[in-house]
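Letter by letter, the chains look like this.
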Amino acid sequence: MSEVRISAEPRTEFGKGGARRTRRAGKIPAVLYGHGEKPKHVTLPTLEFSALIRRGGMNQLITIEISDGTRELALPKALQRDAIKDTIDHVDLLLVRRGEKVTVDVYVEVTGEPEKGGLLVNEHDSVTVEADATAMPESFELSVEGLAIGDNLTAAALQMPKGVELLSDPETVLVTHSQPRGEASDEDEEAEGEEAAESGE
């Protein structure tokens, strides 16, 4: 996972009115917390922060350079969004240190083509892992190439990079390749035929 830098300013206005004024000024209210330290309230540039979240997601490692001369390393922990405007209203940022282990959810990208005739269902699109804050994987690749109908793939099928530990249950089913509804297998049709023959005797 690449590291990005973003500027921030100490936040001095609080409450709903202060938050509205901050957002009108093109900034997002945010709070930095962790390591037992007193939370730091800052503002982030809306366009720049929104762009880095679109590119890197919630596992984006961010160096926050505050105008008072301090610098913090953090991960986005929670976003509050405006459902109508689809804008970010507030950000919680978790302070991390280099070499520190953190627990995050990582997206699973499905690749390849399964056996034809089935229906591929994504049961889970992420897994929980523990990794160094500065060496988190952006995503995992899960190949379903040639996956037979009736088979599935679990979290155990993922390749964990060195230093990354899977915390999700290895038996968690990620994808299932099912028989499409309404299409009976040859075995089902044969069984139904035998039942009909027996009932007709």
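Use the structure listed above.
Definitions and limits used
- Residues numbered from 1 in each chain as written.
- Predicted model: local features only at pLDDT ≥ 70, side-chain atom pairs only at ≥ 80, totals over all residues.
- Heavy atoms only, no water.
- Helix = DSSP H or I, 4+ residues; strand = E, 2+ residues; numbered from the N terminus.
- Polar contact = N/O pair within 3.5 Å; in protein donor to acceptor, adjacent residues only side chain to side chain.
- Buried < 20%, exposed > 50% of the residue type's maximum accessible area, 1.4 Å probe, protein only.
- Pairing = 2+ DSSP bridges.
- Arc of directions from axis to C-beta.
- Contact = heavy atoms within 4.5 Å.

1. Overview of the environment of H90
So, point 1. Along the chain, the position of H90 falls in strand β6 (residues 87-95).
So, point 2. Among the polar contacts made by the side chain of H90, one reaches the side chain of D92 at a distance of 3.4 Å.

2. Overview of the pairing of strand β4 (residues 61-66)
So, point 1. Of all six residues making up β4, five are buried, and the element is well covered by its neighbours.
So, point 2. The pairing of strand β1 (residues 3-10) with β4 spans six bridges and is parallel. The residue of β4 that forms the bridge with V4 is I62.
So, point 3. The antiparallel hairpin formed by β4 and strand β5 (residues 71-82) contains four residues in its connecting segment, where G69 sits at a positive phi of about 100 degrees.

3. Points about the sheet that holds strand β10 (residues 139-143)
So, point 1. Read from one edge of the open sheet, four strands run β10-β7-β9-β12, paired in mixed fashion. For this open sheet the edge positions go to β10 and β12 (165-166), each flanked by a neighbour on one side alone.
So, point 2. In this sheet, β10 lies alongside strand β7 (residues 101-111) in parallel orientation, the contact comprising five bridges. Within β10, the position partnered with E109 by the bridge is E141.

4. Looking at unusual backbone geometry
So, point 1. The phi torsion at H35 lies on the positive side, around 60 degrees, for a residue other than glycine.
So, point 2. Structurally, the position occupied by H35 is in the loop between β2 (27-34) and β3 (37-45).
So, point 3. Note on H35: relative accessible area 30%, which makes it partly exposed.
So, point 4. Even without glycine at this site, D86 takes up a positive phi of about 55 degrees.
So, point 5. Along the polypeptide, D86 turns up in the loop between β5 and β6.

5. Things to note about helix α1 (residues 15-24)
So, point 1. Those residues of α1 that sit buried are G18, A19 and T22. Summarising the axial view, the buried residues of α1 lie within an arc of 100 degrees, below the 170-degree limit, and thus occupy one face. Exposed residues on α1 whose side chains face more than 90 degrees from its buried face are K16 and R24.
So, point 2. Packing partners of the buried residues in α1 comprise β2 and β3.

Without other data, these values stay purely geometric and don't point to any function.
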